[in-house]
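One letter stands for each residue in the lines below.
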There are 2 protein chains.
Amino acid sequence: MRIDVKAAAHLLEEQDNILILCHSHPDGDTLGCGFALCSALQKKGKRARVACADEIPTKYAYLWREVERQSFEPQFIVAVDVADPKLLGHPVEEQYAQRINLCIDHHGSNILYAEKTLLDPSAGATCEIIFELLRELEMRIDAAVADCIYTGLSTDTGCFRYSNATARTHRIAAEMIDCGADAPIINQVMFETKTRTYAALERLALDSLELFYEGRAALVTVTQEMYRLSGSDESECDPIASLPRQIEGVLVGVMLRERADGTFKASVRTHRPVDAAELCRRMGGGGHPRAAGCQLEGPLQCAREELLRNIKAVLEA
Amino acid sequence: MRIDVKAAAHLLEEQDNILILCHSHPDGDTLGCGFALCSALQKKGKRARVACADEIPTKYAYLWREVERQSFEPQFIVAVDVADPKLLGHPVEEQYAQRINLCIDHHGSNILYAEKTLLDPSAGATCEIIFELLRELEMRIDAAVADCIYTGLSTDTGCFRYSNATARTHRIAAEMIDCGADAPIINQVMFETKTRTYAALERLALDSLELFYEGRAALVTVTQEMYRLSGSDESECDPIASLPRQIEGVLVGVMLRERADGTFKASVRTHRPVDAAELCRRMGGGGHPRAAGCQLEGPLQCAREELLRNIKAVLEA
C-alpha cells in the first residue's frame, strides 16, 4: 500500500526499536537516508539502528558521528532507497525481506514489496523524502542530520549536475546549509578526492574504453583482475560508471563490471532521448531514465554481446 | 562610490543605450551576467548590447539566443564581474576603462574603478547580484534570462561544489529552474562533455601517472607523441593538470607537458601547506599558492629530474 509523508510520519511516531535497512553496495543517498533517520529517531528518544549487508566505506564515517550504537530486537523495519528487496544483499535479504513494514524510496521501478511504501519518483534523491518526513515529524535538523541529507542530495544528483536535481533539491540543499551542513567538505570527499587504489582502477578501466555505433555508445569494463592489479574493489567502482557518457557524442555509456561469482553488472548512463531504464528492462533490470542497471550472465564475451545487441536495438528504435 | 541593489536598479531605470562589458578570457559568470542584463533591458524596451575583448567560445551561444544585435553610441557603460579595468583586455580597456558608470561585481579584490560600484563579495557568482537587480527592477525572468543566471551560478561554483556556493546560491538556482533554466543541458555542456580527442589524451596521460615521496607527489607526462596518438593538441590539455592532485595523500600534483620545440612546461597544483608558486619560483616560474607553472629544458629525463629534485626540497622544507 502506498502512503503519503503524513501517514509515514504518523506510523513512525507510534513505533520503537526501529531497524533501518540500506541497500547493499551502499551509496551516499541510502546511507544519508539511513543515518539521518536513525539520528533523528534517536534524538526523539526512540531506539533505532542502521544495517547494511556490505561494509560501509570509511569516507562516509562522518554520517554516523552522532548515532549511538544500540542493540535491540527490531519491532519495526524500514528500508530506505531500496527499490527491490533483492538489493538488500545477503544476508540482510534472507533475514528481513519478507517483513519490511515501511519502504521510503524515489525509484519509479520500486516493486512495492513492503507493507507500506512512501514513494516519490519526482525526488532527485530519497533524502529529499526523508527531509520532508523529518519536517512532518517536527524534528529539529542539526548539523549532523543536515550533513546526511545534503550527502544524499549531492551524491545522487552528481553534485546538482544531473536532470534529477530539481528546484526542490536546491531548496532543500539551501536549508541543509542553513542547518549547518558542511557542503564544501562533503563535496571534496565525495567528488574531488580519489584513493590511490581508485585512481589505479580508473586508469585500468579507461584503458578498456571502447566506442560503438558511430560513437553513440561507449563501454568500459571492470574485471576482477583489475581489482587485483589496482588493489581496489567493487566498493570503489561507482564513479567509473559516469565516465563513458562524458565523451562527446555518446548517448549510452556503460560500465560492465565482473562480480566475484563470474556474473556481470551493467551500470548504464544515458543522454536524451535514450531511456536507460528501458534499455535495462530489456535485460531484466531497471532504474531511472538517465541511470539504470542490470545483471548479465558471464563470461564477459556473452555479457558484452547481450549488452551491445540491446544497445543497438534501443539506438535504432 | 559603492551603492546598493536598490540604487543600482534606480540608476539603470533612468538610462538607455547601455553598453555592458565582460572581462577578457570570458567565463560563464561574466557572460551570464552580460547577456542576462542585456536581454532583460532589451525586453524592457531599452537599447543594450554586450562587448567582450575576446571571441566568445561557441559553447556559450545559447546565452544570447534572445538578445537582439543593436548598434548605438553608448550613453551608459556597465562592467559585469570585472574586478579591475585591466581585465577588460585590449582594445576594450583602452576604449572604455576611464568611463565606466557602473560596475557590478563579487570580487573582494575589486579596485572600485567605476563611477558607482555594486559590490557583494558574499555572492558566489556575480549572477547572484544580477538576479537581485532584475528582481528589484521587477523584470520578468524568462527561460533565456534564467539560463544566463543559472550558468553564472553553476560555472563559478564548480557546479555548487565549492565553498562559495551558499544557501543563497542554491535558492536562486531553484528559482532559475522554476523560471525555465535548462540546468541539465547547461551542466552537461559546461562540466560533462569531453571531446573524443581529449578523452583519448587524458587516458594516455593517466597511463603515465607516477607517485613519488611516499605518495605525496604525483606526476603525469603529456608528450608530443600523445597528441599524435590521440588526435588532441595542447589547447585541450589544461584539465589534465588538476588530475594528479586529486589522488588521496598527494600534496603536489604536476602535469609535465612537452612542447613542439622539445622544452617542457610544468603545471603545478598543490594542497596546503605546499606553496606551488614557491616551488615554481625555484625553477624560474611563478603563480598562485595552489596553482603555478614553470618552463624546463628537455630532454624529458632532465626536466623530470630537475622537477623531482625541487619537489623533494620543498616537501622536506
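Check the entry above for the structure.
Residues numbered from 1 in each chain as written. Chains lettered and ligands numbered in written order. Predicted model: local features only at pLDDT ≥ 70, side-chain atom pairs only at ≥ 80, totals over all residues. Heavy atoms only, no water.

K.L.:
Talk me through the environment of B:Ala303; I want residue IDs and the actual numbers.
P.N.:
Residues and elements named next belong to chain B. Secondary-structure assignment places Ala303 in helix 11 (residues 300-316). On the accessibility criterion, Ala303 (0% relative accessible area) is buried. A sequence separation of 37 residues divides Ala303 from Ala266, and the C-alpha atoms of the two residues are 9.0 Å apart. (Helix = DSSP H or I, 4+ residues; strand = E, 2+ residues; numbered from the N terminus. Buried < 20%, exposed > 50% of the residue type's maximum accessible area, 1.4 Å probe, protein only.)

K.L.:
An account of the sheet that holds strand 5 (residues 116-119) of chain A is needed here, citing residue identities and associated values.
P.N.:
Residue and element names in this part refer to chain A. Strand order in this open sheet of 5 strands is 2-1-3-4-5, and the pairing throughout is parallel. In the strand order of this sheet, the two ends are held by strand 2 (48-51) and strand 5, each with one partner. Taken over all neighbouring pairs, the strand axes of this sheet differ in orientation by 20° on average, direction set aside. As paired strands, strand 1 (residues 18-21) and strand 3 (residues 76-80) are joined by 4 bridges and run parallel to one another. Paired with Ile20 across the strands is Val78, a residue of strand 3. Against the sheet, helix 2 (residues 28-43) touches strand 1, strand 2, strand 3 and strand 4 (102-105), its axis set at about 165° to strand 2. Its contacts with the sheet place helix 4 (residues 126-136) against strand 3, strand 4 and strand 5, and it is angled at close to 120° to strand 4. (Pairing = 2+ DSSP bridges. Axes fitted to C-alpha atoms, helices over the stretch in contact; angles between N-to-C directions. Contact = heavy atoms within 4.5 Å.)

K.L.:
Run through the sheet that holds strand 1 (residues 18-21) of chain B, naming residues and quoting values.
P.N.:
All names here are of chain B. Taken in spatial order, the 5 strands make up an open sheet running 2-1-3-4-5, and their pairing is parallel. Each edge of the open sheet is held by one strand with a lone partner, namely strand 2 (48-51) and strand 5 (116-119). The mean angle between the axes of side-by-side strands here comes to 20°, regardless of whether they run parallel or antiparallel. Across 3 bridges, the pairing between strand 3 (residues 76-80) and strand 4 (residues 102-105) is parallel. Across the sheet, Val78 pairs through a bridge with Leu102, a residue of strand 4. Packing against the sheet, helix 2 (residues 28-43) makes contact with strand 1, strand 2, strand 3 and strand 4, and its axis sits at approximately 165° to strand 2. Docked against the sheet, helix 4 (residues 126-136) engages strand 3, strand 4 and strand 5, running at close to 120° with respect to strand 4.

K.L.:
Explain the packing of helix 8 (residues 196-207) of chain A against helix 8 (residues 196-207) of chain B to me, using residue names and the numbers behind them.
P.N.:
At a minimum axis separation of 10 Å, helix 8 of chain A and helix 8 of chain B run at an interaxial angle of 130°. Considered as vectors, helix 8 of chain A and helix 8 of chain B are oriented oblique to each other. Classified by chirality, the crossing of helix 8 of chain B by helix 8 of chain A is left-handed. In this structure, helix 8 of chain A uses A:Glu202, A:Arg203, A:Leu206 and A:Asp207 to contact helix 8 of chain B, whose residues at the interface are B:Glu202, B:Arg203, B:Leu206 and B:Asp207. (Parallel < 35°, antiparallel > 145°, perpendicular 65-115°, else oblique. Left-handed = near helix turned anticlockwise from the far one by under 90°.)

K.L.:
Lay out the interface of chain A and chain B with the relevant residues and their values.
P.N.:
On the side of chain B, 37 residues touch chain A, which itself brings 38 residues to the contact. Buried area between chain A and chain B, summed over both chains or domains, comes out near 3600 Å², and the portion from carbon and sulfur atoms is 52%. Remark: the boundary between chain A and chain B carries 4 salt bridges. Here B:Asp178 and A:Arg171 are joined by a salt bridge, their closest N and O atoms 2.7 Å apart. If you look at where chain A meets chain B, you find 19 residue pairs in polar contact (both at pLDDT 80 or more). Counting only elements with at least two residues in the side of chain A that touches chain B, the list comes to helix 6 (167-178), helix 7 (183-192) and helix 8 of chain A. Of the residues belonging to the side of chain A that touches chain B, the class tally is 16 nonpolar, 9 polar and 13 charged. (Buried area = accessible area lost by both parts, 1.4 Å probe. Salt bridge = Lys/Arg side-chain N within 4 Å of Asp/Glu carboxyl O. Polar contact = N/O pair within 3.5 Å; in protein donor to acceptor, adjacent residues only side chain to side chain. Nonpolar A, V, L, I, M, F, W, Y, C, P; charged D, E, K, R; others polar.)

K.L.:
Give a detailed account of the environment of A:Leu133, specifying residues and quantitative values.
P.N.:
Residues and elements named next belong to chain A. Turning to its location among the elements, Leu133 is positioned in helix 4. Overall, the relative accessible area of 0% leaves Leu133 in the buried class. With 124 residues separating them in the primary sequence, Leu133 and Ala9 have C-alpha atoms 6.0 Å apart. Beyond its immediate chain neighbours, meaning those up to four positions away, Leu133 contacts Val5, Ala8, Ala9, Leu12, Leu37, Ile104 and Leu118.

K.L.:
Let's hear about the nonpolar core: which residues, and what values?
P.N.:
The nonpolar side chains of soluble globular proteins are, as a tendency, buried together. Within the largest apolar cluster, 119 residues are counted, with the highest numbers of intra-cluster contacts made by A:Leu37, A:Ile149, B:Leu37 and B:Ile149. Leave out the neighbours within four places in its chain, and A:Ile149 touches A:Ala36, A:Cys127, A:Phe131, A:Leu134, A:Ile141, A:Ile172 and A:Met176. Within the second largest apolar cluster, 36 residues are counted, among which are A:Ile240, B:Leu209, B:Ala218 and B:Cys237. (Core = buried A, V, L, I, M, F, W, Y, C linked by side-chain atoms within 4.5 Å.)

K.L.:
Can you tell me about helix 2 of chain B, naming the residues and giving the values?
P.N.:
Residue and element names in this part refer to chain B. Taking 1.5 Å per residue, 16 residues should reach 22 Å; helix 2 reaches 22 Å between its end C-alpha atoms and fits that length. Taken across its 16 residues, helix 2 has 15 buried, putting it largely inside the fold. If you check the start of helix 2, you find a side-chain oxygen 3.2 Å away from the backbone N of Asp29, and it comes from Asp27. (Expected span 1.5 Å × (residues − 1).)

K.L.:
Talk me through the packing of aromatic side chains; I want residue IDs and the actual numbers.
P.N.:
Residues and elements named next belong to chain A. Scanning the entire structure with this criterion turns up 7 aromatic pairs over all chains. Positioned above the aromatic ring of Phe72 is the side chain of Arg49, whose terminal nitrogen or guanidinium carbon lies 4.6 Å from the ring centre. We note Arg245 situated over the ring of Tyr162; from NZ or CZ to the ring centre the distance is 5.0 Å. (Phe/Tyr/Trp six-rings, centres within 6.5 Å; stacked < 30°, edge-to-face > 60°. Lys NZ or Arg CZ within 6 Å of the ring centre and 35° of its normal.)

K.L.:
Which residues make up the environment of A:Tyr198, and what values do they have?
P.N.:
With respect to the helices, strands and loops of the structure, A:Tyr198 is situated in helix 8. A C-alpha to C-alpha distance of 25 Å links A:Tyr198 and A:Cys33, two positions 165 residues apart in sequence.

K.L.:
I'd like a description of helix 4 of chain A, backed by residues and values.
P.N.:
Residues and elements named next belong to chain A. The buried fraction of helix 4 amounts to 9 of the 11 residues, a majority that puts the element mostly inside the structure. Turning to helix 4, its buried residues are Thr126, Cys127, Glu128, Ile129, Ile130, Phe131, Glu132, Leu133 and Leu134. Among the residues trailing helix 4, Glu138 stands out with phi positive, at a value near 55°.

K.L.:
For the pattern of salt bridges, give the residues involved together with the corresponding values.
P.N.:
Residue and element names in this part refer to chain B. Counted according to the given criterion, the structure contains 30 salt bridges over all chains. Here Glu234 makes a salt bridge to Arg257, at a shortest N to O gap of 3.0 Å. One end of the pair, Glu234, is in the loop between helix 9 (224-230) and strand 8 (252-258); the other, Arg257, is in strand 8, with 23 residues separating them in the sequence. Residue classification places Glu234 among the partly exposed positions, given a relative accessible area of 39%. Owing to a relative accessible area of 9%, Arg257 belongs among the buried residues under this scheme.

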